[in-house]
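# Descriptive analysis of the structure
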Amino acid sequence: MAKIEFNDFDEYLDKLQKLEKDDVVPIMKMSLYEGTGVVVDGIRSEIQSLHTSNHASQGPMDYEKKALEKGLGISDMESKGDDINVKVGFAGYSSHKTKKYPKGVPVPLIARSILRGMSFRPKNDFVGRAVRKYRKKSIEAMDSKMNELFKKEMNK
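Residues numbered from 1 in each chain as written. Predicted model: local features only at pLDDT ≥ 70, side-chain atom pairs only at ≥ 80, totals over all residues. Heavy atoms only, no water.

## Points about the overall build of the chain
Stated formally: Numbering of helices and strands runs from the N terminus; a helix is a DSSP stretch of H or I covering at least four residues, while a strand is a stretch of E covering at least two. Type-normalised accessible area, obtained with a 1.4 Å probe on protein chains alone, sets the label of each residue: buried when under 20%, exposed when over 50%, and partly exposed for intermediate values. Whether two residues touch is decided by their heavy atoms; if any such pair falls within 4.5 Å, the residues are in contact.
Counting secondary structure elements, the chain contains five helices and four strands. In sequence order, the secondary structure elements of the chain are arranged as α-α-α-β-β-β-β-α-α. Among the 156 residues that make up the chain, the fraction classed as buried is 29%. Contacts in the chain between residues at least 24 apart in sequence constitute 53% of all its contacts with a sequence separation of at least 6.

## Notes on helix α4 (residues 107–116)
What α4 keeps buried is the set V107, I110, A111, S113, I114 and L115. Each element contacted by the buried residues of α4 is listed here: α3 (62–71), β4 (88–90) and α5 (126–154). Of the residues one or two after α4, G117 is the one with positive phi, at around 80 degrees.

## Remarks on the side chain of S31
Relative to the helices and strands, S31 resides in helix α2 (residues 25–48). Relative accessible area serves as the criterion here: at 2%, S31 is assigned to the buried category. Residue contacts for S31: discarding those within four places in its chain leaves M142, K145 and M146.

## A look at the packing of aromatic side chains
For clarity, the cut-off: A pair of Phe, Tyr and Trp rings is counted when the ring centres sit within 6.5 Å of each other, with Trp represented by its six-membered ring. The angle between the planes then sorts it: under 30 degrees is stacked, over 60 is edge-to-face, the rest tilted.
As enumerated under the stated definition, the model contains one aromatic pair in all. Note on F90 and F126: the rings are 6.3 Å apart at their centroids and 70 degrees apart in plane angle, and the pair reads as edge-to-face. Taken together, the residues F90 in strand β4 and F126 in helix α5 connect sequence positions 36 residues apart. Each member of the pair F90 and F126 is classed as buried.

## A few points about the pattern of salt bridges
The condition is simple: Any Lys or Arg side-chain nitrogen found within 4 Å of a carboxyl oxygen on Asp or Glu counts as a salt bridge.
Scanning the entire structure with this criterion turns up four salt bridges. Between E64 and R121 there is a salt bridge, and its shortest N-O distance comes to 2.8 Å. With E64 in helix α3 and R121 in the loop between α4 and α5, the pair connects residues that are 57 residues apart, well separated along the chain. One exposure class covers both E64 and R121, and it is buried.

## What about the side chain of R121?
As a reminder of what qualifies: Throughout this description, a polar contact denotes any pair of N or O atoms lying within 3.5 Å of each other; where both atoms belong to protein, one of them has to be capable of donating a hydrogen while the other can accept it, and for residues adjacent in sequence the pair is counted only when both atoms sit in side chains.
Residue R121 is classed as buried on the basis of its relative accessible area of 6%. Within the structure, R121 has its side chain in polar contact with the side chain of E64 (distance 2.8 Å).

## Here we look at the confidence of the model for the chain
For clarity, the cut-off: By definition, pLDDT measures how confident the predictor is in each residue, and it falls between 0 and 100.
For the chain, the average pLDDT comes to 86, and 88% of its residues sit at 70 or higher. Element-level mean pLDDT values for the chain span from 68 in helix α1 (residues 9–21) up to 95 in β4.

## Regarding the nonpolar core
Here is the rule: Put simply, buried Ala, Val, Leu, Ile, Met, Phe, Trp, Tyr and Cys residues joined by side-chain atoms within 4.5 Å make one nonpolar core.
Counting residues in hydrophobic clusters, the biggest one holds 18 residues, and the most contacted among them are I43, I47, L68, L72, F90, I110 and F126. Elements with a minimum of two residues in this core: α2, α3, α4 and α5. Counting residues per element, this core draws most heavily on α4, which supplies five residues. Leaving out residues up to four positions away in the same chain, F90 has contacts with I47, L68, G71, L72, V107, P108, A111, F126 and V127.

This is the structure we're talking about:
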């Protein structure tokens with residue numbers, strides 16, 4: 001009959017149990033933030049590649065592009081049950097003030113008008129392009145960060 005010996009198995013099992021008892025949510029949050037950063041960088045590069053014009057019917061105007069770059073951000077993470085959620089979006093106001101928007105045109109409104117188009121503006125889904133383009137890189141970044149953090153925890 002074959003005999004198998006594990007020299008460090010008990011130690012490994014103890015570390016796994018300790019890791020299970022500890023809250024793994026911080027590790028998950030850090031890896032999720034890493035992946036979100038990849039997507040945000042992708043959206044930022046798509047914004048920078050937008051061709052601007054002097055008229056809104058031909059594409060985003062210069063002040064709109066600058067407002068999108070400035071207003072892009074990541075929300076605080078939320079935990080609901082077993083899920084951890086983070087949102088990427090636009091916030092704030094542009095420097096272009098109007099009678100209707102004395103604080104400046106809201107950046108989410110600018111983003112929505114470019115993403116979905118208007119009667120005088122063609123649609124330009126730069127966010128969807130970035131998400132599709134950087135999805136795999138984001139997953140790889142989250143995976144590598146999570147593995148790195150788990151290895152660090154297991155070596156304690």
